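Residues per chain are reported as follows:
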Amino acid sequence: MSEPIWLKEVKCPACDAVFKTPRVKSTHLRVKLGESDFHKVYEDINPLLYAVTVCPQCNFAARNEDFDKQKLEYHPEIITMAMAIRASGKNIVFPDGADISVEDSVKKHLVAVTFYRNYKPENPLLIAGLLMHIVWMYRETGNREKEMEYLKQALEYYIKTYEKGVQIPEKIGEVGILYLIGELNRMLGNKSEAVNWFSKVIRHDTIENFPNIENLAREAWEKITEEKKKKK
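Residue indices follow the written sequence of each chain, beginning from 1 at its first position. Note on the predicted model: pLDDT of at least 70 is required for a residue's local features to be given, and 80 or more for side-chain atom pairs to be given and counted; whole-chain, interface and lining totals, by contrast, use all residues. With hydrogens and water excluded, all non-hydrogen atoms of the structure serve as input to the side-chain values.

J.: In this structure, what is going on with the pairing of strand 3 (residues 31-34)? I would like to understand it.
T.: A regular strand places its side chains on the two faces of the sheet in alternate fashion. Note on pairing: DSSP must find at least two bridges between two strands before they are called paired. By definition, any uninterrupted DSSP run of H or I lasting at least four residues is a helix, any uninterrupted run of E lasting at least two residues is a strand, and each is numbered from the N terminus. By the bridge criterion, three bridges tie strand 3 to strand 4 (residues 40-42) in an arrangement that is antiparallel. Its bridge partner being in strand 4, Gly-34 is matched across the sheet by Lys-40. Taken together, strand 3 and the strand that follows it, strand 4, pair antiparallel across an intervening segment of five residues, in which Phe-38 is found at a positive phi of about 75 degrees.

Structural data, given as structure tokens:
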């Protein structure tokens, strides 16, 4: 059986450095279970560990799919930032093989978040997604404190996504973002806020197109109701 990790040669869109970076073969991924905040737990290997590419020379970082196709001619602010890091000699060099720790992967994600925050305009949905990767990685290692820390940050960016009217993938639609805002609030103990967002999900004009999200919202709402009954 072939190895699940392979090294792909890529070219940095910021500084033109050519290097190899680890990627996961999709044929080796097997979902074990799904969770209420869309986290998928995989058997054997966690693809989140390898989801971000970082240039070893200038530390330009992005999600793999963005790094491979990124064009930066309309983002001089990103090139300037990357070249300043390269010139300073303070670039971080991450392990380039198949073995990567959760902490190194978290650092790579945070470098990517830093770059995404400097794009003009900023896309809060991409940042929220990266922060959720960190949430899930810490969850899988049992680090509850760090999981909650980044869950709060992800929630802020999902709210920004909704408020700014950012384009959302059709797969989840606006109702998916509304649901996530409600579910993250529930997970953080903000039950009244969660109910407010779940009610927006249920009343949304397009909810009939997302029966799975409607079911998730109703189930989460029921959990809150049951918890309130138990306390009484």
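From this point, things continue past the structure.
J.: Is there a simple way to explain the pattern of salt bridges in this structure?
T.: Side-chain pairs of opposite charge can arise where the charged atoms are in close proximity. By definition here, a salt bridge exists when the distance from a side-chain nitrogen of Lys or Arg to a carboxyl oxygen of Asp or Glu is within 4 Å. A full pass over the atoms with the stated rule returns 13 salt bridges. The shortest N-O distance in the salt bridge between Arg-144 and Glu-147 comes to 4.0 Å. Linking Arg-144 with Glu-147, this pair stays in helix 5 (residues 144-164), spanning three residues, or about one helical turn. Of the charged contacts in the structure, one is a salt bridge between Glu-183 and Arg-186, with a shortest N-O distance of 2.8 Å.

J.: Any chance you could explain unusual backbone geometry here in plain terms?
T.: Most of the time, phi is negative for any residue but glycine, and the peptide bond is trans. Each neighbour pair has its own omega, and for Lys-120 with Pro-121 the value is 0 degrees, a cis peptide bond. For Pro-121, the location among the structural elements is in the loop between helix 3 (102-117) and helix 4 (124-141). At Asp-16, a residue that is not glycine, the phi angle is positive and equals roughly 70 degrees. Structurally, Asp-16 can be placed in the loop between strand 1 (5-11) and strand 2 (18-24). At Asp-44, a residue that is not glycine, the phi angle is positive and equals roughly 70 degrees.

J.: I tried to follow the packing of helix 5 against helix 6 (residues 173-187) on my own but got confused; where do I start?
T.: Two packed helices can be described by the angle between their axes and the distance between those axes. Helix axes are fitted only over the stretch in contact, all axes being lines through C-alpha atoms; the angle between N-to-C directions runs from 0 to 180 degrees. Running from N to C, helix 5 and helix 6 cross one another at 145 degrees; their axes reach a closest spacing of 9 Å. Two packed elements cross with a definite hand, and for helix 5 against helix 6 that hand is left-handed. Along its contact with helix 5, which presents Arg-144, Glu-147, Met-148, Leu-151, Ala-154, Leu-155, Tyr-158, Ile-159, Thr-161 and Tyr-162, the element helix 6 presents Glu-174, Ile-177, Leu-178, Leu-180, Ile-181, Leu-184, Asn-185 and Met-187. With the far helix as reference, a near helix turned anticlockwise by less than a right angle produces a left-handed crossing, and one turned clockwise produces a right-handed crossing. Between two residues, a contact is recorded if the distance between any of their heavy atoms is within 4.5 Å.

J.: It is not clear to me how the nonpolar core should be interpreted in this structure. Could you clarify?
T.: Soluble globular proteins: nonpolar side chains tend toward being buried together. In this text, buried Ala, Val, Leu, Ile, Met, Phe, Trp, Tyr and Cys residues form a nonpolar core when linked through side-chain atoms within 4.5 Å. Between buried and exposed lies partly exposed: a residue is buried under 20% and exposed over 50% of the maximum accessible area for its type, with that area taken using a 1.4 Å probe on protein chains only. Core analysis: the biggest nonpolar cluster contains 73 residues, and Cys-12, Phe-60 and Tyr-158 have the highest contact counts within it. Tallying contributions element by element places helix 4 first for this core, with 11 residues.

J.: When you look at helix 8 (residues 211-231) in this model, what are you seeing that I'm missing?
T.: Three- or four-residue spacings in an α-helix give side chains the same orientation, since the helix completes a turn every 3.6 residues. Compared with the 30 Å implied by 1.5 Å per residue over 21 residues, the 31 Å span of helix 8 between its first and last C-alpha is a close match. Taken residue by residue, helix 8 has Ile-213, Glu-214, Ala-217, Ala-220 and Ile-224 as its buried positions. Seen from one end, helix 8 has its buried residues packed into an arc of 135 degrees, which puts them on one side. Every exposed residue of helix 8 that faces more than 90 degrees away from the buried side is listed here: Lys-229 and Lys-230. Structurally, helix 8 contributes buried residues whose contacts are with helix 6 and helix 7 (191-203). Under the convention used throughout, the expected extent of a helix is 1.5 Å for every residue step, that is, one less than its residue count. As used here, the arc is the angular range of directions from the helix axis to the C-beta atoms.

J.: Is there a simple way to explain the layout of surface pockets in this structure?
T.: One way to see where empty space is left: roll a probe the size of a water molecule over the atoms. We place a 1 Å grid over just the protein atoms. Points where a 1.4 Å probe fits but has no way out form a cavity, open points with protein on both sides within 12 Å along at least 5 of 7 lines form a pocket, and any residue with an atom within 4 Å of a point lines it. Grid points are joined across faces, edges and corners, and a volume is the space filled by probe spheres set on the points. In this structure, the largest pocket encloses a volume near 1,300 Å³. Lining of the largest pocket is provided by 33 residues; of these, Phe-38, Arg-63, His-133, Trp-136 and Lys-171 occupy positions nearest its centre. Elements with a contribution of two residues or more to the lining of the largest pocket: strand 2, strand 4, helix 1 (64-69), helix 4, helix 6 and helix 8. The dominant element in the lining of the largest pocket, judged by the number of residues it contributes, is helix 4, at seven residues. Here the residues of the lining of the largest pocket sort into 20 nonpolar, six polar and seven charged. Roughly 190 Å³ of volume is contained in the second largest pocket. Every residue along the wall of the second largest pocket is listed here: Asp-66, Lys-69, Gln-70, Lys-71, His-75, Tyr-116, Tyr-119, Pro-121, Asn-123 and Leu-126. Residues are sorted three ways: Asp, Glu, Lys and Arg are charged, Ala, Val, Leu, Ile, Met, Phe, Trp, Tyr, Cys and Pro are nonpolar, and all the rest, Gly among them, are polar. Of the residues in the lining of the second largest pocket, the class split is four nonpolar, three polar and three charged.

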